[in-house]
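Here is what each chain is made of, one letter per residue.
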Amino acid sequence: MGRTIIDMSDRVVLVTGAGQGVGRQIALDAASNGARAVVVNDFVPERAEAVAEEVRKEGAAALALPFDVTSPDAVEAAFARVREEFGELHALVNNAGNAGAGGKARFEDFWSEPVDGWNAWLGTNLFGVMNCVRAGVPLMRGHGQGRIVTVISDAGRVGEAGLEVYSAAKAGAAGFMRAVARSAGRFGITANSVSISATRTPFVEAMLDDEAAAKEQLKRYIIRRFGTPEDIAGMVVFLSSTAGAWVTGQTISVNGGYAVIP
Ligand SMILES: NC(=O)c1ccc[n+]([C@@H]2O[C@H](COP(=O)([O-])OP(=O)(O)OC[C@H]3O[C@@H](n4cnc5c(N)ncnc54)[C@H](O)[C@@H]3O)[C@@H](O)[C@H]2O)c1
C-alpha cells in the first residue's frame, strides 16, 4: 500500500480571515483532507459562521471564532477558547490580510501622501501575524507536529509600485516567519510563508473583471490566468500537514510565474 501524502487526520487547524476567498478554501480543503477540527476566524462574524457550516458538511468539527487579528487581547482570548475546546492546535494559518475599509491600499505618490493609512495595513498583515503566532505557539509546543503558514504577497518579495506599505508589511511577515522557524523549530514546529499573486477572491474580483487591465496584468504571468483560491489552498494544506515536516523557514511562491525567484 502506498502512502497518502496529505493526511490531516487528527489535526486541529485555525485559519484567520477564513470567511471568504483564499482562507475559506483553506478551511474547506483542510476539512476535506481529514482534519479533526477547523477553527474558522473572520472579524465579520456572519462570514465565519457560514464557512464553519460549510466545514461541517465536509465532515470536520468546526468552531466559528470571530476576532480581529490586530487586537492582542482579542487574539489571546480566542486562542484560550481553542485550548478549552480542543486542548491543542496543530496548524495556524495566518491568512487574514488586506485592511478592510480602514486603510488606503494604493498610493499614487507615496512620498507626497499622509501617513494615516499605514497602520491599518501594518496592523493586519504584520502585527496580526505576530499576535497569532505569540498566542498559537504555546498550543502547538507539546506534540511536535506544529505548523505555521502565513499567506503573504509577491508584492512583499519583488515590490509593487503603489503598494509600498502593503509590500513592507508582507515582507515583514515573511522575515518574522523565518525567525520563528528558528526559534520554534526545537518544538518540531515549522514556519513558512506562501507568497501569492493576483487570485480571484472577493477582494480583487472587481479589479480582475476590468478586461483591459486584466489583459495588461496577465502579460506578467507565465501561466496566463489569475489564480484561484484552490491553487493556493493546496500548498497551504500541504505545509499544514505532517508531510510538511522538513520544510521550514521558507517563502514559497504560488503565483502562475508572476515572479520567478531563484
Ligand atoms: N487575492 C489576491 O490577489 C491576493 C494577492 C496577494 C496576497 N493576498 C493575500 O491573501 C490573503 C487572503 O486574501 P483574499 O484575497 O482571500 O482576501 P479577502 O479580502 O477576500 O478575504 C479576507 C478575509 O479576511 C478577513 N479579515 C480582514 N482583516 C481581518 C482581521 N484584522 N481580523 C480577522 N479577519 C480579517 C475579511 O473579513 C475577509 O473575510 C491575504 O493575506 C491577502 O493579503 C491576496
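Conventions used here
Residues numbered from 1 in each chain as written. Predicted model: local features only at pLDDT ≥ 70, side-chain atom pairs only at ≥ 80, totals over all residues. Heavy atoms only, no water. Near = heavy atom within 4 Å. Polar contact = N/O pair within 3.5 Å; in protein donor to acceptor, adjacent residues only side chain to side chain. Areas by Shrake-Rupley, 256 points an atom, 1.4 Å probe, with all protein chains shown as cover. Helix = DSSP H or I, 4+ residues; strand = E, 2+ residues; numbered from the N terminus. Expected span 1.5 Å × (residues − 1). Contact = heavy atoms within 4.5 Å. Phe/Tyr/Trp six-rings, centres within 6.5 Å; stacked < 30°, edge-to-face > 60°. Buried < 20%, exposed > 50% of the residue type's maximum accessible area, 1.4 Å probe, protein only. Patch = residues over 30% accessible without salt bridge, like charges linked within 9 Å, V, L, I, M, F, W, Y side chains within 5 Å. Salt bridge = Lys/Arg side-chain N within 4 Å of Asp/Glu carboxyl O. Core = buried A, V, L, I, M, F, W, Y, C linked by side-chain atoms within 4.5 Å.

Chemist: Could you clarify how one ought to interpret the site of the ligand in this entry?
Modeler: Residues in contact with the ligand amount to 32 residues; listed here are only the nearest, Gln-20, Asp-42, Asn-95, Tyr-166 and Thr-201. Within the side chain of Tyr-166, a nitrogen or oxygen atom sits 2.7 Å from an oxygen atom of the ligand. Separating an oxygen atom of the ligand from a backbone N or O atom of Phe-203 is a distance of 3.4 Å. In the complex, the protein chains occlude 95% of the 830 Å² of accessible area that the ligand would expose alone. Ranked by residues supplied to the shell around the ligand, first place goes to strand S5 (residues 147-153) with three residues.

Chemist: Mind showing me how you'd approach helix H6 (residues 164-184) here?
Modeler: With 21 residues, H6 ought to run about 30 Å at 1.5 Å a step, and its terminal C-alpha atoms sit 30 Å apart, in line with that. The elements touched by buried residues of H6 are helix H4 (118-140), S5, helix H5 (155-158), strand S6 (190-196) and strand S7 (251-254).

Chemist: Can you walk me through the packing of aromatic side chains in this structure?
Modeler: The geometry of an aromatic ring pair is captured by the separation of the ring centres together with the interplanar angle, meaning the angle of the planes. Enumeration according to the criterion identifies seven aromatic pairs in this entry. Note on Phe-110 and Trp-111: the rings are 6.1 Å apart at their centroids and 85 degrees apart in plane angle, and the pair reads as edge-to-face. Classification of Phe-110 as partly exposed rests on a relative accessible area of 23%. Residue classification places Trp-111 among the exposed positions, given a relative accessible area of 69%. Where Phe-110 meets Trp-118, the ring centres are 5.5 Å apart and the plane angle is 15 degrees; that geometry is what we call stacked. Its relative accessible area of 28% is what places Trp-118 among the partly exposed residues.

Chemist: Would you take a moment to explain a nonpolar patch on the surface for this structure?
Modeler: The grouping of Ile-222, Ile-223 and Val-260 at the surface amounts to a nonpolar patch, some 320 Å² of accessible area in total. For Ile-223, the location among the structural elements is in the loop between helix H8 (211-218) and helix H9 (229-240).

Chemist: Explain the pattern of salt bridges here, please?
Modeler: Side chains that differ in sign of charge can pair as their charged atoms come close. Using the criterion set out here, one finds ten salt bridges in the structure. Of the charged contacts in the structure, one is a salt bridge between Arg-24 and Glu-54, with a shortest N-O distance of 2.8 Å. You can see Arg-24 sitting in helix H1 (residues 21-32) and its partner Glu-54 sitting in helix H2 (residues 45-57), a full 30 residues away along the chain. Assessed through its relative accessible area of 27%, Arg-24 is described here as partly exposed. Linking Glu-216 and Lys-219 is a salt bridge whose minimum nitrogen-to-oxygen distance equals 3.1 Å. Here Glu-216 falls in the partly exposed class, since its relative accessible area comes to 49%. The class for Lys-219 is exposed, based on a relative accessible area of 54%. Through salt bridges with shared partners, a single network forms among Arg-200, Glu-205 and Asp-209.

Chemist: Just checking my understanding: could you explain the nonpolar core for this structure?
Modeler: The nonpolar side chains of a soluble globular protein tend to be buried, and buried together. One finds Val-39, Phe-67, Phe-79, Val-82, Leu-89, Leu-92 and Ile-148 to be the most contacted residues of the largest nonpolar core, which totals 35 residues. Of all the secondary structure elements, the ones that give two or more residues to this core are strand S1 (12-15), strand S2 (37-40), helix H3 (72-86), H4, S5 and H6. The greatest single-element share of this core, amounting to eight residues, is contributed by H4. Other than its neighbours up to four places away in sequence, Val-82 contacts Leu-14, Val-39, Leu-65, Gly-87, Glu-88, Leu-89 and Leu-139. Among the nonpolar cores identified, the runner-up in size contains 32 residues, and Met-8, Ile-26, Val-38 and Ala-60 belong to it.

Worth remembering: the numbers are spatial, not functional.
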